[in-house]
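Overview (structure and organization)
Below, each chain spelled out in residue letters.
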Amino acid sequence: MNDVEIMWQWLTDPAQWSGPNGIPVRVAEHLAISCTAFAIAAAIALPIGLVLGHRGKGGLLAVNVGNIGRAVPTFALLIIFASWDAVGVGTTAAILALVFFALPPLLTNTYTAMRGVDADARDAAVGMGLSGGQVLRRVEVPLAVGLMAAGIRTSFTQVVATATLAAIVGGGGLGRYVVDGFALQDPGPLLGGAVLVSLLTLAAEAVLAVGQRAVTPRAVS
Amino acid sequence: MASSRRLYRAVATLFAASLLVTSCADSGSSGSDTGGDGAAAGGELTVAAFGFGESKILANMYSLVLAQAGYDTSVKELTTREVVGPALEKGEVDVVPEYLGTYTEYLNLRENGPDAEPLASSDVESTFTNLEELADSVGVTVLEPSPAQDQNAFAVTNAFAEQNDISTLSELGALDQALVLGGPPECPKRPFCQPGLENTYGVTVSEFTALDAGGPLTKDALAQGTIDVGLVFSSDGGIEALDLTVLEDDLGLQTAENITPAVNNDSFGEAIAEALAPVSSALTTEDLVALNKQVDIDREQPADVAQQWLEDQGLLTSS
């Protein structure tokens, strides 16, 4: 039996689909880790990106700080958080590391989207007597939302794929299969876990692609 | 002006791309020429290390004395036995500092099926005799074991030990308390890890957290209270400093785990045995604890620690 057959047998074994180490539980854990990390990152990056983009000041700094975040290996952050007593090993360390991983594309895209809004449209809105907040809400965000959604899509998809790392520090999720399968050199969970992560990532990508199209105003796209 | 700048940029890009291609090609070729014919002294030998400090120290010791014996040696840092074992049998690596009992049972279960009678015990001689036979059937030669040992051990925090007044694993089992166990991902499947703890000592494991093999994550998790019991190594140099207590293996669950060099048959030569024998016979468990402390706690490099020890023992003529 070759590795692919072993993987297929593992994936189709009913025992894999129930219990605390079953695939449904691991998928739920994987999504919980990804969504929590992404929600925290979005709560930080979106307001900062919007405000800086609206003001047109300090953006270069924000984008560069975001890019430094991109240069720090998520794996290193993960180990640092896990060894830090205030966080500890497990899922929390993984969520924190993923927050830092999710921030740069969100921040950069939001800022860039806001700066990409046609200056004439902004000037016209100001000329019509709209306040700063009104310009942001009624003109800039509707025009920028398409590009912002692209950032959200990129960021979330990457987070779902990378949440696999959580298993290295004793966390849950689909990475459990990959890490345990590797330790035991068992191609069933090793490859099966990798396939499940890929499928979940593609599914997230597909859902967000539809979402992105839905929120992008027809005139902009 | 604009066109010359464009030309310059194109040339620079081409140059960078060619650098990238050649460097990739280089690493590809140097990566594939491991293994092969080390039968005569002077061949190439790759010494593999498991994924923890002690194994890296031992691999570096082997590498240094084999280099002194005229081999062109390198150390390859790998991870678990499930990775290292097959690599040794295929000749992808040539020499491994193995552990007597665990290696015997690893081969026993693979050769004789998952329900095979244990061939490793706490007796060094009989375990080694069994191992020689098993190793031969997979194309590996094992050399005389060192007196130095590193057994799997289970640790709790000092506070936990004092609070429950326990010092042995039997007493841990008698607590009749559901415990969270932490260790390497392969622990739930290993007879001397979780199953041994449950079957031999009657410990109730409510949950297993997959961390590392006696590494920083397991010890951190113990200190953090995320796990109650953690798999550590008996030769660990940092256990005391972290306020951890190793519980005594009073029913002899763990087998003799003397350091035993394992060599691929195709690479094996008497010169290898002669080079490694003095290292095995000089090394003691106390040495291991001290050397591990230098690497795990004092953050020295495994290669430096290995070299220093060999020089102190007079096994390496310092260059």
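Scroll up for the structure.
Note that this is a predicted model, so its numbers are computed, not measured. (Residues numbered from 1 in each chain as written. Chains lettered and ligands numbered in written order. Predicted model: local features only at pLDDT ≥ 70, side-chain atom pairs only at ≥ 80, totals over all residues.)

A closer look at the overall build of chain B
- Each helix and strand counted, chain B has twelve helices and ten strands in total.
- Sorting the 319 residues of chain B into buried and exposed places 46% on the buried side.
- Partitioning the contacts of chain B with sequence separation of at least 6, the portion at a separation of at least 24 is 75%. (Helix = DSSP H or I, 4+ residues; strand = E, 2+ residues; numbered from the N terminus. Buried ≥ 20, exposed ≤ 12 C-beta atoms within 10 Å, placed from the backbone. Contact = placed C-beta atoms within 7 Å.)

Looking at the overall build of chain A
- Looking only at helices and strands, chain A has nine helices and zero strands in total.
- When the helices and strands of chain A are listed from N to C terminus, the series reads α-α-α-α-α-α-α-α-α.
- Reported as C-alpha extents along the three principal axes, the dimensions of chain A are approximately 70 × 40 × 25 Å.
- For chain A, buried positions account for 45% of its 221 residues.

Quick word on the nonpolar core
- If you look at the biggest cluster of nonpolar residues, it comprises 142 residues, and the most contacted ones within it are Leu 78, Ala 94, Leu 98 and Ala 102 of chain A together with Ala 48, Met 61 and Tyr 62 of chain B.
- Among all residues touching Leu 78 of chain A, those that are not within four sequence positions of it are Ala 93, Ala 94, Ala 97, Leu 165, Ile 168 and Val 169 of chain A. (Core = buried A, V, L, I, M, F, W, Y, C linked by C-beta atoms within 7 Å.)

Details of the packing of helix H7 (residues 132-162) of chain A against helix H9 (residues 187-215) of chain A
Residue and element names in this part refer to chain A.
- At their nearest, the axes of H7 and H9 sit 9 Å apart, and the two run at 170° to each other. One way to sum up the angle between H7 and H9 is to call them roughly antiparallel. Residue-level inspection shows Val 145, Ala 149, Ala 150, Ile 152, Arg 153, Phe 156, Thr 157, Val 160 and Ala 161 of H7 in contact with H9, the latter providing Val 197, Leu 200, Thr 201, Ala 204, Glu 205, Leu 208, Ala 209, Gly 211, Gln 212 and Val 215.
- Its residues assigned to classes, the contact of H7 with H9 comprises 13 nonpolar, four polar and two charged. (Axes fitted to C-alpha atoms, helices over the stretch in contact; angles between N-to-C directions. Parallel < 35°, antiparallel > 145°, perpendicular 65-115°, else oblique. Nonpolar A, V, L, I, M, F, W, Y, C, P; charged D, E, K, R; others polar.)

Thoughts on the interface of chain B and chain A
- Facing 17 residues of chain B, the contacting portion of chain A comprises 14 residues.
- The leading source of residues in the side of chain B that touches chain A is helix H9 (residues 216-224) of chain B, at five residues.

As for unusual backbone geometry
- Despite not being glycine, Asp 165 of chain B has its phi angle at roughly 55°, a positive value.
- Classification of Asp 165 of chain B by C-beta neighbours within 10 Å gives exposed; the count is 8.

So, helix H2 (residues 53-68) of chain B
Residues and elements named next belong to chain B.
- Given a rise of 1.5 Å per residue, 16 residues ought to cover 22 Å, and the 23 Å separating the end C-alpha atoms of H2 matches this to within 8%.
- The buried fraction of H2 is high, at 14 of 16 residues.
- The first or second residue beyond H2 is Gly 70, which carries a positive phi of 105°. (Expected span 1.5 Å × (residues − 1).)

Notes on the environment of Ala 135 of chain B
Residues and elements named next belong to chain B.
- Tracing the backbone shows Ala 135 in helix H5 (residues 124-137).
- Each C-alpha atom of the pair Ala 135 and Asp 243 lies 39 Å from the other, and the pair is 108 residues apart in sequence.
- Those residues in contact with Ala 135, other than ones at most four positions away along the chain, are Leu 107, Val 140, Thr 141, Val 142 and Ala 262.

Observations concerning the packing of helix H3 (residues 59-71) of chain A against helix H5 (residues 91-115) of chain A
All names here are of chain A.
- Where H3 meets H5, the axes come as close as 8 Å, and the angle between the chain directions of the two elements is 155°. Classified by the angle their axes make, H3 and H5 are roughly antiparallel. At the point where H3 passes H5, the crossing takes the left-handed sense. Residues Gly 59, Ala 62, Val 63, Gly 66, Asn 67, Gly 69 and Arg 70 of H3 pack against Phe 100, Leu 103, Pro 104, Leu 107, Thr 108, Tyr 111 and Arg 115 of H5.
- Class assignment for the residues of the contact of H3 with H5 results in seven nonpolar, five polar and two charged. (Left-handed = near helix turned anticlockwise from the far one by under 90°.)

Section: the sheet that holds strand S8 (residues 229-233) of chain B
Residues and elements named next belong to chain B.
- Strand order in the open sheet formed by five strands is S7-S6-S8-S5-S9, with mixed pairing between adjacent strands. Here the strands that pair on one side only, and so sit at the sheet edges, are strand S7 (204-210) and strand S9 (244-247). Averaged over all neighbouring strand pairs, the angle between strand axes comes to 40°, with direction disregarded.
- Sheet topology places strand S5 (residues 152-157) next to S8; four bridges connect them, and they run antiparallel. For Ala 153, the partnering residue across the bridge sits in S8 and is Val 232.
- Running at roughly 145° to S8, H9 makes contact with S5, strand S6 (178-183), S7, S8 and S9 of the sheet. (Pairing = 2+ DSSP bridges.)

Describing the environment of Glu 117 of chain B
- Positionally, Glu 117 of chain B belongs in the loop between helix H4 (100-112) and H5.
- When the C-alpha atoms of Glu 117 of chain B and Glu 105 of chain B are compared, they prove to be 9.4 Å apart, with twelve residues separating the residues in sequence.

With respect to H5 of chain A
- With 25 residues, H5 of chain A should cover 36 Å at 1.5 Å per step; its first-to-last C-alpha distance of 36 Å lies within 8% of that length.
- The axis of H5 of chain A is deflected most strongly, by about 30°, at Leu 103 of chain A, and proline Pro 104 of chain A appears within four residues downstream. (Bend = angle between axes of the 7 residues up to and from the residue.)

Some points on the pairing of strand S10 (residues 259-264) of chain B
Residues and elements named next belong to chain B.
- Counting buried residues along S10, six of its six residues qualify, which places the element largely inside the surrounding structure.
- Of the two faces of S10, the one lined by Ile 259, Pro 261 and Val 263 and the one lined by Thr 260, Ala 262 and Asn 264 are each fully buried.
- Note that strand S3 (residues 95-99) and S10 share five bridges and pair antiparallel. Looking across to S10, one finds that Pro 97 is bridged to Pro 261.

As for the environment of Gly 171 of chain A
Residue and element names in this part refer to chain A.
- By secondary structure assignment, the location of Gly 171 is in the loop between H7 and helix H8 (175-183).
- C-alpha of Gly 171 to C-alpha of Arg 70: the two residues are 101 residues apart in sequence and 23 Å apart in space.
- Residues within four places of Gly 171 in sequence aside, it is in contact with Ile 33, Gly 90, Thr 91, Ala 94 and Ala 166.

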